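What follows is each chain in one-letter form.
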Amino acid sequence: MAVYYWGTSGRTVALIQEGLKGLGYYPKEIDGIFGAYTYYALTAFQTDGGMAPNGIAERETLEKLGIKTVRADENDIYALAEFIGRNAGGEPYAAQVAVGAVVMNRAADGGFRDSIGDIISSFEEGKALPREPEKTHINASRDAVNGWDPSGGALWFAGREELPKGKVKKRIGRLVFG
């Protein structure tokens, strides 16, 4: 289960900030970076909502803010690790996690399929499958499922030689994210 806390960043953190701002708790601009203002706004929201004011946005807090959460079991983690291996196997670790984060971002976004497996299938229609994941791919998969998002909230990725589909947010290794 993904949790968000001081120091995390990405699309879900921006959604947390938007939710808190809409309820009058968050006074700053939305930047997707979980820092002091997000922490204090979140603890105030948790206190007022009868939750433990721990400053950690986990499933209960996210749901009370109206943010969709994604559940992942061991099969999802393994499938995501295979996907990471096929698409970012030779890339730096942050790029591997970012590829996994793109899948998680799509699963949390209302405009895409809900399940991790369905999202992976939509990326790989007609491609050769599977590839046995390495330990680093499994670790990258777990990090992505647990909320690390080096992609900055991206919903797509491509190799630099491929034409990006939209504005590029990040470049990590030979991959671009947007």
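Residues numbered from 1 in each chain as written. Predicted model: local features only at pLDDT ≥ 70, side-chain atom pairs only at ≥ 80, totals over all residues. Heavy atoms only, no water.

What follows is about the overall build of the chain. Check the secondary structure of the chain and you find 7 helices and 3 strands. When its helices and strands are written in sequence order, the chain yields α-α-α-α-α-α-α-β-β-β. With the C-alpha coordinates aligned to their principal axes, the bounding extent of the chain is approximately 50 × 30 × 25 Å. When the accessible surface of the chain is summed, it comes to about 8,900 Å², and 51% of that surface belongs to carbon and sulfur atoms. (Helix = DSSP H or I, 4+ residues; strand = E, 2+ residues; numbered from the N terminus. Areas by Shrake-Rupley, 256 points an atom, 1.4 Å probe, with all protein chains shown as cover.)

Following the sequence through the fold, Asp109 ends up in the loop between helix H5 (93–108) and helix H6 (116–123). According to the relative accessible area criterion, Asp109 is buried, its value standing at 12%. Setting aside residues no more than four positions away along its own chain, Asp109 makes contact with Arg11, Lys68 and Leu155. (Buried < 20%, exposed > 50% of the residue type's maximum accessible area, 1.4 Å probe, protein only. Contact = heavy atoms within 4.5 Å.)

A separate point is the side chain of Thr43. Residue position: Thr43 is located in helix H2 (residues 36–48). Reaching out from Thr43, the side chain makes a polar contact with the backbone oxygen of Tyr40 at a distance of 3.0 Å. Every residue in contact with Thr43, bar those within four places of it in the chain, is listed here: Pro53, Asn54 and Gly55. (Polar contact = N/O pair within 3.5 Å; in protein donor to acceptor, adjacent residues only side chain to side chain.)

Right, let's get into the nonpolar core. Judged by nonpolar contacts, the single largest core of 26 residues is most densely connected at Leu80, Phe83, Val99, Val103 and Phe177. Those elements giving two or more residues to this core turn out to be helix H4 (74–88), H5, H6, helix H7 (135–145) and strand S3 (175–177). Sort the elements by how many residues they give to this core and H5 lands first, with 8 residues. Sequence-distant contacts of Val99, that is, excluding residues within four places in its chain, are made with Phe83, Ile84, Asn87, Ala88, Phe157, Leu175 and Phe177. With 14 residues, the next largest nonpolar core counts Tyr26, Leu42, Ala57 and Leu65 among its residues. (Core = buried A, V, L, I, M, F, W, Y, C linked by side-chain atoms within 4.5 Å.)

Take the environment of Ala52 next. Of note, Ala52 is situated in the loop between H2 and helix H3 (59–64). According to the relative accessible area criterion, Ala52 is exposed, its value standing at 53%. Sequence separation between Ala52 and Gly90 is 38 residues; the distance between their C-alpha atoms is 42 Å.

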